[in-house]
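# Observations on chain architecture
The residues making up each chain are set out below.
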Amino acid sequence: MKRLILLLIASALVVSSTVFSQDRSTLRAASLAFNSAERDYNKGDYKEAAQKFDMVVNAVPATCDSRKHLEMRLESLINLVDIYFNKSVNIRQACEYMHTYQSTMNTVSNSGVLRARSLMKFAKQSQDYANNHASKCESYERIGGDKKKFEKSFEDEFKKR
């Protein structure tokens, strides 16, 4: 019985250490991608920067307990929104990243991981997005619905003929 318990404890430790090392290597890769993305962004290579910032967003979960990595995720989302609203215009992508930013902020603000100063900075950015870009996203989504209605009526009209 004692051997069985020791075997179970040992296997649990091995499994947890393997999972933790995978998380650490993923976060390390996210850090490298973030640094490279910032260099590309500062050089004006927005397409490459966007791909690397997206890698960071996909690698770092909103529930991460690392302050550094959460800040990287939020900064990446800020840069992606800026790229897709201002540099390489793609309203659909910009709105998706803005919604992801808002969702991440909801998760982060309740987690207690970020310091008050950082939380205030990111909350202010969230408020700026709500004031400046929310109406653009609402208009884009409304136009998408209107476009679908028009396409349907257009198809219906030509099917009749």
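Higher on the page you've got the structure.
In this report, we go over the structure that sits alongside the text. (Residues numbered from 1 in each chain as written. Predicted model: local features only at pLDDT ≥ 70, side-chain atom pairs only at ≥ 80, totals over all residues. Heavy atoms only, no water.)

## A word on the packing of aromatic side chains
Our working definition: Side-chain rings of Phe, Tyr and Trp (the six-membered ring for Trp) are treated as a pair once their centres are within 6.5 Å; stacked means planes under 30 degrees apart, edge-to-face means over 60, and tilted covers the remaining angles. Helix and strand assignments come from DSSP, with helices taken as H or I runs of at least 4 residues and strands as E runs of at least 2, each series counted from the N terminus.
Throughout the structure, instances matching the rule amount to 5 aromatic pairs. Summarising the aromatic geometry, the rings of Tyr-41 and Phe-53 are spaced 6.3 Å apart at their centres and angled 70° between planes, so their arrangement reads as edge-to-face. Placement of the pair is Tyr-41 in helix α1 (residues 2–43) and Phe-53 in helix α2 (residues 46–59), with a sequence separation of 12 residues. Taken together, the ring pairs in this structure connect Phe-34, Tyr-41, Tyr-46 and Phe-53 into an aromatic cluster.

## Notes on the state of the cysteines
Every disulfide links exactly two cysteines, by a covalent bond between their sulfur atoms. We apply this condition: Here, the term disulfide refers to a pair of cysteine sulfur atoms separated by no more than 2.5 Å. Categorising residues by exposure relies on relative accessible area from a 1.4 Å probe, with only protein chains included: less than 20% of the type maximum marks a residue as buried, more than 50% marks it as exposed, and the intermediate range marks it as partly exposed.
Within this structure, the stated rule accounts for 1 disulfide. Through a disulfide, Cys-95 is tied to Cys-137; the S-S separation comes to 2.1 Å. Residues Cys-95 and Cys-137 are joined by a disulfide whose S-S torsion is about -100°; by sign, that bridge is left-handed. Within this pair, whereas Cys-95 is found in helix α4 (residues 91–111), its partner Cys-137 is found in helix α6 (residues 134–160), the two being separated by 42 residues in sequence. For Cys-95, a relative accessible area of 3% translates into the label buried. Given a relative accessible area of 2%, Cys-137 falls into the buried group.

## Re the environment of Tyr-41
Selection rule: The contact rule is simple, with two residues in contact once any of their heavy atoms fall within 4.5 Å.
Taking the relative accessible area as the measure of exposure, Tyr-41 reaches 19% and is therefore buried. When neighbours within four sequence positions are excluded, Tyr-41 is seen to be in contact with Tyr-46, Ala-49, Phe-53, Asn-79, Asp-82, Ile-83 and Lys-87.

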